[in-house]
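Next come the chains, spelled out residue by residue.
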Amino acid sequence: MPRQAYVNGRYTPHNDAAVHIEDRGYQFADGVYEVVPVYNGILVDEEPHLDRLERSLRELQIEMPMSRAAMKLVSRELMRRNNLSRGFVYMQITRGVAPRDHKFPTKPTAPALVMTTRQMKPHSAEALEKGVKVITLRDIRWERCDIKSVSLLPNVLGKQAAAEAGAYEAWQIDDEDNITEGTSANAWIVTDSDTVVTRHANNGILNGITRMALLDLIEKEGFTLEERPFSVEEARAAREAFVTSSSSFVMPVTQIDDKPVGNGHPGLLTMKLRETYIAYMNSLKEAG
Ligand code: PMP
């Protein structure tokens, strides 16, 4: 069976899946999304992902298009149809279709829902052995980075700049010269005294679900942690660095711009945290 997508109530072949030209997501980026990782056939941290989805929607005054239980059913049905055991379920909800006008439509529109899946290959052995490079650039995003909006142009430009520099990610820098986060991942460092540091979550970053899961694991394992701003300078002098996201899990960073991090190899604590996170994913069971 060809890969299926779910579009506004119907399963349809992925290649033919389409939305209306006046969907406000298409015209104004008036919508939000979530990417739920699938590992061993299990949706990882589905509840926190749906919590964040509902929060993003609330902030933009968009209704949930269907109940949470129904969203879960569709995720599972898509995984079944697409034989997905490792990858993602992508969900996008927009304010719906209305004649183009910036303000919210006066006649309430039905929010539009699209769900797709994608297979993901295991991370490359080279990336894990050598670690990855990040570049740094100005954070030119808006003041509501806590909303997982489909309006991603600064992130797109940042990731393109990273790709052109042969880097995996771009870490963004705010007006105080602190690193906020990557374009699609949260940023972390480990200091000389083995303290794990990541920026506190407020409207300046997207509070990653992987970030939150790892914070819990760090606490359980008894590592020292600080949630606070850290500067580019501090990051360049750090002993270790890494990124977290639903697709990268915990990925060691061994170069920031043209400078190696620590001894230039993936950090010991970083790799321990990666193992801990993967063990956590392996421990998950299908709910119910
Ligand atoms: N920050 C940004 C800007 C992102 O796009 C992502 C990926 N969704 C993350 C952080 C990491 O979030 P998560 O761990 O939920 O994938």
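All of these numbers come straight from a predicted model, not from anything done at the bench.

Quick look at the domain arrangement of the protein chain now. For the protein chain, the assigned domains read domain 1 (4–119) and domain 2 (125–287). Centre-to-centre, using C-alpha coordinates, domain 1 lies 26 Å away from domain 2. On the side of domain 2, 24 residues touch domain 1, which itself brings 24 residues to the contact. With both chains or domains summed, domain 1 and domain 2 bury close to 2,100 Å², and 59% of this area falls on carbon and sulfur atoms. Of all residues in domain 1, Tyr33, Tyr39 and Arg52 give up the largest surface area on contact with domain 2, accounting jointly for 29% of the area buried on that side. Between domain 1 and domain 2 we count three salt bridges in total. Residues Glu59 and Arg144 are paired through a salt bridge, measuring 3.0 Å at the closest nitrogen-oxygen approach. At the boundary of domain 1 and domain 2, one finds nine residue pairs in polar contact (both at pLDDT 80 or more). Residue assignment for the side of domain 1 that touches domain 2 shows that the elements contributing at least two residues are strand S3 (31–39), helix H2 (46–59) and strand S5 (87–94). No other element matches S3, which puts seven residues into the side of domain 1 that touches domain 2. By residue class, the composition of the side of domain 1 that touches domain 2 is twelve nonpolar, five polar and seven charged.

Before going further, it helps to spend a moment on helix H5 (residues 153–164). Taking 1.5 Å of rise per residue, twelve residues should cover 16 Å, and H5 covers 16 Å from first to last C-alpha, within 8% of that figure. Along H5, the positions that sit buried rather than exposed are Asn155, Gly158 and Ala162. For H5, the arc enclosing every buried residue in end-on projection is 65 degrees, short of the 170-degree limit, so these residues lie on one face. Exposed side of H5, more than 90 degrees from the buried face: Leu153, Leu157, Ala163 and Glu164 are the residues found there. Looking at the packing, one finds that the buried side of H5 touches strand S7 (132–138) and strand S8 (169–173). A positive backbone phi angle near 70 degrees is found at Gly166, which sits one or two residues after H5.

A few words now on the site of the ligand. Close contacts around the ligand come from 19 residues, with Lys148, Glu181, Ile209, Thr210 and Ser246 the closest. Measuring from a nitrogen atom of the ligand, one finds a side-chain N or O atom of Glu181 at 2.6 Å. Ile209 is positioned with one of its backbone polar atoms (N or O) 2.8 Å from an oxygen atom of the ligand. Relative to its unbound accessible area of 380 Å², the ligand is 93% covered by the protein chains. Most atoms of the ligand, that is more than half of them, are within 2 Å of grid points of the largest pocket. Those elements giving two or more residues to the shell around the ligand turn out to be H2, helix H6 (209–221) and strand S12 (240–245). Taken together, the residues of the shell around the ligand break down into four nonpolar, eleven polar and four charged. Split by domain, the shell around the ligand shows at least three residues from each of two domains, domain 1 (4–119) and domain 2 (125–287).

Counting 23 residues, the largest nonpolar core has Leu214, Phe242 and Tyr277 as its most contacted members. Both domains that furnish three or more residues to this core are identified here as domain 1 (4–119) and domain 2 (125–287). Tyr277 has contacts with Val44, Asp45, Thr210, Ala213, Leu214, Leu217, Phe249 and Val250, leaving out every residue within four places of it along the chain. Counting 22 residues, the second-largest nonpolar core is a separate cluster that includes Leu43, Val74, Leu78 and Met115.

Reported here for the largest pocket is a volume of approximately 1,200 Å³. At the level of secondary structure, the elements contributing two or more residues to the lining of the largest pocket comprise S3, H2, S5, strand S6 (112–119), H5, H6 and S12. Residue classes in the lining of the largest pocket are distributed as 19 nonpolar, 19 polar and twelve charged. In this structure, the second largest pocket is lined by Asp139, Arg141, Trp142, Glu143, Cys145, Asp174, Asp175, Glu176, Thr180, Arg199, Asn203 and Gly204. Here the residues of the lining of the second largest pocket sort into two nonpolar, three polar and seven charged.

Turning our eyes to something else, we now look at the pairing of strand S1 (residues 4–7). Regular strands show a simple pattern: their side chains alternate between the two faces of the sheet. Every second residue of S1 is oriented toward a common face, with Gln4 and Tyr6 on one face and Ala5 and Val7 on the other, all of them buried. As defined by bridge partners, S1 adjoins S6 across two bridges and the pair is classed as antiparallel. Within S6, the position partnered with Tyr6 by the bridge is Met115.

Attention now goes to the environment of Asp16. Locating Asp16 in the fold gives a position in the loop between strand S2 (10–13) and helix H1 (24–28). Residue Asp16 is classed as exposed on the basis of its relative accessible area of 55%. C-alpha separation for the pair Asp16 and Ala5, spaced eleven residues apart in sequence, amounts to 8.9 Å.

What counts as what
Residues numbered from 1 in each chain as written. Predicted model: local features only at pLDDT ≥ 70, side-chain atom pairs only at ≥ 80, totals over all residues. Heavy atoms only, no water. Domains from an automatic or database assignment. Contact = heavy atoms within 4.5 Å. Buried area = accessible area lost by both parts, 1.4 Å probe. Salt bridge = Lys/Arg side-chain N within 4 Å of Asp/Glu carboxyl O. Polar contact = N/O pair within 3.5 Å; in protein donor to acceptor, adjacent residues only side chain to side chain. Helix = DSSP H or I, 4+ residues; strand = E, 2+ residues; numbered from the N terminus. Nonpolar A, V, L, I, M, F, W, Y, C, P; charged D, E, K, R; others polar. Expected span 1.5 Å × (residues − 1). Buried < 20%, exposed > 50% of the residue type's maximum accessible area, 1.4 Å probe, protein only. Arc of directions from axis to C-beta. Near = heavy atom within 4 Å. Areas by Shrake-Rupley, 256 points an atom, 1.4 Å probe, with all protein chains shown as cover. 1 Å grid on protein atoms, 1.4 Å probe; cavity = no way out; pocket = protein on both sides within 12 Å on 5 of 7 lines; lining within 4 Å. Sits in = over half its atoms within 2 Å of the grid points. Core = buried A, V, L, I, M, F, W, Y, C linked by side-chain atoms within 4.5 Å. Points joined across faces, edges and corners; volume = space filled by probe spheres on them. Pairing = 2+ DSSP bridges.

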